[in-house]
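# Tertiary structure, described
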Amino acid sequence: MELRHYLTCIWPGLPELWWRGRLSALPPAIAFAMGLNLLLIMRFIYPEWLSGTLVRIACWVAIASWIFYVVRSVRDVPQIIAPREVCEQPDRFQEAQWEYLQSNWVEAEKLLLGVLAIEPRDPPALLLLSGVYRHTDRLPQAEILILELSRLEVADAWWLEIEAEQRRIARDMEAIEMKESSEGTDNHAADLTAA
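Please read all numbers here as calculations on a predicted model, not as lab measurements.

## Digging into the overall build of the protein chain
Scanning the protein chain from N- to C-terminus turns up 10 helices and zero strands. Relative to the 2.2 N^0.38 estimate, which gives 16 Å for 195 residues, the radius of gyration of the protein chain is 27 Å and therefore markedly larger than a compact globule would have. If one aligns the C-alpha atoms of the protein chain with their principal axes, the spans along those axes are about 100 × 40 × 25 Å. When each of the 195 residues of the protein chain is scored for burial, the buried share is 29%. Total accessible area on the protein chain stands at roughly 13,000 Å², and carbon and sulfur atoms take up 63% of it. Here the protein chain contributes 18 positive and 28 negative side-chain charges, whose respective centroids are spaced 10 Å apart.

## Notes on the packing of aromatic side chains
Within the structure shown, the criterion is met by three aromatic pairs. A ring pair is formed by Phe68 and Tyr69, whose centres lie 5.2 Å apart and whose planes are at 70°; its orientation type is edge-to-face. For Tyr69, a relative accessible area of 34% corresponds to the partly exposed category. Taking the centre distance of 5.3 Å and the plane angle of 70° together, the rings of Tyr100 and Trp105 count as edge-to-face.

## Here we look at the environment of Ala29
With respect to the helices and strands, Ala29 occurs in helix H3 (residues 26-45). Ala29 sits in the buried class, given a relative accessible area of 9%. Between the C-alpha atoms of Ala29 and Leu17, which are 12 residues apart in sequence, the distance is 8.6 Å. Apart from the residues lying within four places of it in its own chain, the contact partners of Ala29 are Trp11 and Pro12.

## A short note on the side chain of Glu99
As for its position among the elements, Glu99 is in helix H6 (residues 93-101). Notably, Glu99 is buried but unbridged: the nearest opposite-charge side chain belongs to Arg92, and the N-O separation is 7.8 Å. When sequence neighbours within four positions are dropped, the list of residues in contact with Glu99 reads Asn104, Glu107, Ala108 and Leu111.

Calculation criteria
- Residues numbered from 1 in each chain as written.
- Predicted model: local features only at pLDDT ≥ 70, side-chain atom pairs only at ≥ 80, totals over all residues.
- Heavy atoms only, no water.
- Helix = DSSP H or I, 4+ residues; strand = E, 2+ residues; numbered from the N terminus.
- Rg over C-alpha atoms; globule rule 2.2 N^0.38 Å.
- Buried < 20%, exposed > 50% of the residue type's maximum accessible area, 1.4 Å probe, protein only.
- Areas by Shrake-Rupley, 256 points an atom, 1.4 Å probe, with all protein chains shown as cover.
- Lys, Arg positive; Asp, Glu negative; His and termini not counted.
- Charge placed at Lys NZ, Arg CZ, Asp CG, Glu CD.
- Phe/Tyr/Trp six-rings, centres within 6.5 Å; stacked < 30°, edge-to-face > 60°.
- Contact = heavy atoms within 4.5 Å.
- Salt bridge = Lys/Arg side-chain N within 4 Å of Asp/Glu carboxyl O.

As structure tokens, this is what we get:
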């Protein structure tokens, strides 16, 4: 882990908010900001609001809780940044990739869903799952998945692959629409000749 990953631990709630976008981490981050501002105001701007002893006790309680949250955040950073690397379960992405290449779509999907249970924002696994959906003629699901993937900031490095998969999905959808329209005109022509 790099130093920049651990610098976010200084602010309670910020690592989960910054690296994972978890809104559940927003209330602790806001509470920390409000508490810190209140302590600074009570200590330096309006010290007459409370007695000096109460302000000092509040400062020590705030420092102790801040240290607790920083230590907890530092401990949790590897799990937040790269959950597949620190998980006790084996990384099954390679197996899923092998099953995909062997055209074992059901097994590949099962393995990929297991990988995504550990890391739901994993671009390679999401791309491969989109490919599985495309190959199993679940094009609407593939399209939704690839659109969600393109919105993730962790997938920015995968833009080329995402665009290629989007083109393949659009091509397959167009082929299905053309096939359905040609079947519709054939059925209509058959109805006209029968009448």
